[in-house]
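# Descriptive analysis of the structure
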Amino acid sequence: MLRSLLRRLTKALLWFAGGSVLLVLLFRFVPPPGTALMVERKIESWVDGEPIDLQRTWKPWDEISDDLKVAVMAGEDQKFPEHWGFDFGAIQAALAHNELGGSIRGASTLSQQVSKNLFLWSGRSYLRKGLEAWFTALIEVLWPKQRILEVYLNSVEWDDGVFGAEAAARHHFGVSAKSLSRQQASYLAAVLPNPRVWSASHPTAYVSRRAGWIRQQMSQLGGTSYLLGLDDSRRAPWAQ
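Named according to an unreviewed UniProt entry, the protein chain is Biosynthetic peptidoglycan transglycosylase originating from Pseudomonas koreensis. Recorded under Function (unreviewed entry), the UniProt text for the protein chain is reproduced unchanged: "Peptidoglycan polymerase that catalyzes glycan chain elongation from lipid-linked precursors."

Quick look at the structure:
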């Protein structure tokens, strides 16, 4: 019986691995129709009895402001062009910070956030973190960096039920994602750690300071020229 169970478990794991590889490959070329986080928000609204209107319009890479692309990297993951999905230095720093108590600091890269938002549920269980690592590795191997950032910008939440750069730009500033100014982009990037509490269009003093810091970082990174080497700046993991 034990051997039979192990055989079935192995078969299930192989089916899962093969299916997830095919799904990630598909989404390299086809815009994901939605995300697991969007489904989660809809279910939450049904449970709470508070209807929510999910807003999302997919926009390809060239129809999203370059300033927003750089702002998000500057605020969320400055090593994004270099790493293979995991920033181990940031993870160590977060662990050391969290051991001291107080506020909990995360260390998720943009790639990890794409994996979680697109395929998984919210939470901090070991199972979810393990699946997040699996999907992160898959998209890093199977997608170019530009595609990862494109999917991130079309999937991330920027207010209750407001997903993706186009919906966020319309919701907060009444413009298209392509027309976002450098300042507007910095405010959108500034609220990403807590987009359901902070507002890009009605920023607190803290959000304004954070947006200013992001604009400073954008300049230090080289502005929109930072995007030119997005898929050319990574070394093989074994060469690092």
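### Some thoughts on the pattern of salt bridges
Following the criterion strictly, the structure yields twelve salt bridges and no others. For Lys129, the salt bridge goes to Glu132, with nearest N and O atoms at 3.4 Å. Remark: Glu132 and Lys129 occur in helix α6 (residues 126–142); sequence separation between them is three residues, near one turn of the helix. Classification of Lys129 by relative accessible area gives partly exposed; the value is 37%. One salt bridge connects Arg196 with Asp160, and the closest N-O pair in it is separated by 2.7 Å. Taken together, the positions of Arg196 in the loop between α9 (182–190) and α10 (205–221) and Asp160 in the loop between β1 (157–159) and β2 (162–163) put the pair 36 residues apart, joining distant regions of the chain. Each of Arg41, Glu44, Glu157, Asp160 and Arg196 takes part in salt bridges that share partners, so that together they form one network.

Cut-offs used in this document
Residues numbered from 1 in each chain as written. Predicted model: local features only at pLDDT ≥ 70, side-chain atom pairs only at ≥ 80, totals over all residues. Heavy atoms only, no water. UniProt positions renumbered as here; feature names shortened; annotations may be inferred. Salt bridge = Lys/Arg side-chain N within 4 Å of Asp/Glu carboxyl O. Helix = DSSP H or I, 4+ residues; strand = E, 2+ residues; numbered from the N terminus. Buried < 20%, exposed > 50% of the residue type's maximum accessible area, 1.4 Å probe, protein only.

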